[in-house]
Amino acid sequence: KKPYVEKIKIVRRAKLSDNCFSDGHMAKDCMKGSSCEVTGCNRKHLTLLHPPRQEDPKRRAVRDLPGPTNEGNEHLEDGNPEGGNCNVTNRSCGVRLRIVPVKVKGRNSDKVIETYAFLDNGSDVTLCDQKLVRELELDGIERKFSLTTQEKRDSRRKCLEVQLRIETMDGNDALDLQRVWTVNELNISQRSIATAEDIEHWKHLSGIGLHSIEDKEVRILIGSDVPEAFWVLEEGRGGRGEPYAIRSPLVWTVFGPTEPV
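Q: Would you explain the overall build of the protein in this entry?
A: If you tally the helices and strands in the protein, you get 3 helices and 13 strands. Burial analysis of the protein (261 residues in total) assigns 44% to the buried set. Working note: accessible area of the protein is about 14,000 Å², and carbon and sulfur atoms make up 44% of it.

Structural data, given as structure tokens:
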């Protein structure tokens, strides 16, 4: 018995309809009604392609508490503050988020690390995992903030505040992140990263190139405090319920459900 993701890949490679296994059309254009026998499911796919049950996504938000924790705003070297895990997503494997590969370095450093950044306009702050700061050998200012989740409200944490510069993989554009707070880790699943395979069967996304890097860990979350990261320079839009592409200063990102229904 093959896992769900492997079944989907086989159907995609053969360019078959999820709803009838015929070629020449996608499930959304299939003349047959839904072939799924799972109770309550009206999506156009065969029962054996019904996605496994997934846990509801958890969303987190953070807000600043006034002022630094140390009176003199002293810079800390190689700080290791108590941080919080920021579990931003726990989504089904068919939904992608606005995640893009970037080159990151400190504002006054030449050391560069390649990683993924999540563009999250639902967050009012920008975050990164504290291991990234240590690997970049950056100093920071100690801060306090509160972390709010569905399970717990206003959980107080300590972090370092740093400045980062991120560049596109081709080096054609860059953004300065003036205030970035550290957390233990972001815990964003690599399944949320869109791939070339995800978009190859969507006509409105043809010609869009998605960069990829070997390390699939998402280590930066860019919030709405960096509005230029969300500028829409170009878009690739299909119908309702189909994946949507945006070209921002950090090149193309694709998000939404990538599996035809």
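Once you've had a look at it, read on.
Q: Sorry, what's going on with the pairing of strand β6 (residues 126-129) here?
A: Residue alternation in β6 divides its side chains into two sets, Thr 126 and Cys 128 and Leu 127 and Asp 129, and both sets are buried. Examined bridge by bridge, β6 and strand β9 (residues 174-183) share 4 bridges and lie parallel to one another. Looking across to β9, one finds that Cys 128 is bridged to Thr 182. The sheet contact formed by β6 and strand β10 (residues 218-222) spans 2 bridges and is antiparallel. Following the sheet pairing, Cys 128 is matched in β10 by Ile 220.

Q: What is the right way to look at the environment of Gly 33 in this model?
A: Mapped onto the secondary structure, Gly 33 falls in the loop between α1 (4-14) and β1 (61-64). Along the backbone, Gly 33 and Asn 19 are 14 residues apart, and their C-alpha atoms lie at a distance of 8.2 Å.

Q: Sorry, what's going on with the pairing of strand β13 (residues 251-257) here?
A: Every regular strand shows the same layout, with side chains that alternate between the two sheet faces. With 2 bridges connecting them, strand β3 (residues 95-96) and β13 associate as antiparallel partners. In the strand pairing of β13, Arg 96 is matched with Gly 256. As paired strands, strand β12 (residues 244-248) and β13 are joined by 5 bridges and run antiparallel to one another. The residue bridging Ile 246 from the neighbouring strand is Thr 253, located in β13. Taken together, β12 and the strand that follows it, β13, pair antiparallel across an intervening segment of 2 residues.

Q: I tried to follow the side chain of Asp 198 on my own but got confused; where do I start?
A: Tracing the backbone through its elements, the reader meets Asp 198 in helix α3 (residues 196-199). Within the local environment of Asp 198, its side chain forms a polar contact with the backbone nitrogen of Thr 195, the two atoms lying 2.9 Å apart.

Q: Just checking my understanding: could you explain the confidence of the model for the protein for this structure?
A: Detailed reading of the predicted coordinates is not advisable wherever pLDDT is low. Mean pLDDT over the protein stands at 80; residues scoring 70 or higher make up 80%. Contacts from residues 54-92, a stretch scored under 50 in pLDDT, to residues over four places away or in other chains number 110 contacts.

Q: Looking at this structure, I do not really get the environment of Glu 114. What am I missing?
A: Within the fold, Glu 114 resides in strand β5 (residues 113-119). The spatial distance from the C-alpha of Glu 114 to the C-alpha of Val 102 is 5.8 Å, given a sequence separation of 12 residues. Apart from residues no more than four positions distant in its own chain, Glu 114 is found in contact with Val 102, Lys 103, Met 169, Ile 213 and Asp 215.

Q: Would you explain the nonpolar core in this entry?
A: Side chains of nonpolar character tend, in soluble globular proteins, to be buried together. Core analysis: the largest hydrophobic core is formed by 23 residues, its most contacted members being Val 104, Leu 164, Ile 166, Leu 177, Ile 220, Ile 222 and Leu 250. Those elements that provide at least two residues to this core are β4 (99-106), β5, α2 (130-135), β8 (155-167), β9 and β10. Counting 17 residues, the second largest nonpolar core, distinct from the first, contains Leu 127, Phe 145, Trp 181 and Ile 213.

Q: When you look at α1 in this model, what are you seeing that I'm missing?
A: Residues three or four positions apart in an α-helix share a direction because the helix packs 3.6 residues into each turn. Buried within α1 are the following residues: Tyr 4, Lys 7, Ile 8, Val 11 and Arg 12. Down the axis of α1, the buried side of the element spans an arc of 135°, and every buried residue falls inside it. Positive phi shows up at Lys 15, right after α1, with a value of about 55°.

So, how was this worked out
- Residues numbered from 1 in each chain as written.
- Predicted model: local features only at pLDDT ≥ 70, side-chain atom pairs only at ≥ 80, totals over all residues.
- Heavy atoms only, no water.
- Helix = DSSP H or I, 4+ residues; strand = E, 2+ residues; numbered from the N terminus.
- Buried < 20%, exposed > 50% of the residue type's maximum accessible area, 1.4 Å probe, protein only.
- Areas by Shrake-Rupley, 256 points an atom, 1.4 Å probe, with all protein chains shown as cover.
- Pairing = 2+ DSSP bridges.
- Polar contact = N/O pair within 3.5 Å; in protein donor to acceptor, adjacent residues only side chain to side chain.
- pLDDT = per-residue confidence, 0-100.
- Contact = heavy atoms within 4.5 Å.
- Core = buried A, V, L, I, M, F, W, Y, C linked by side-chain atoms within 4.5 Å.
- Arc of directions from axis to C-beta.

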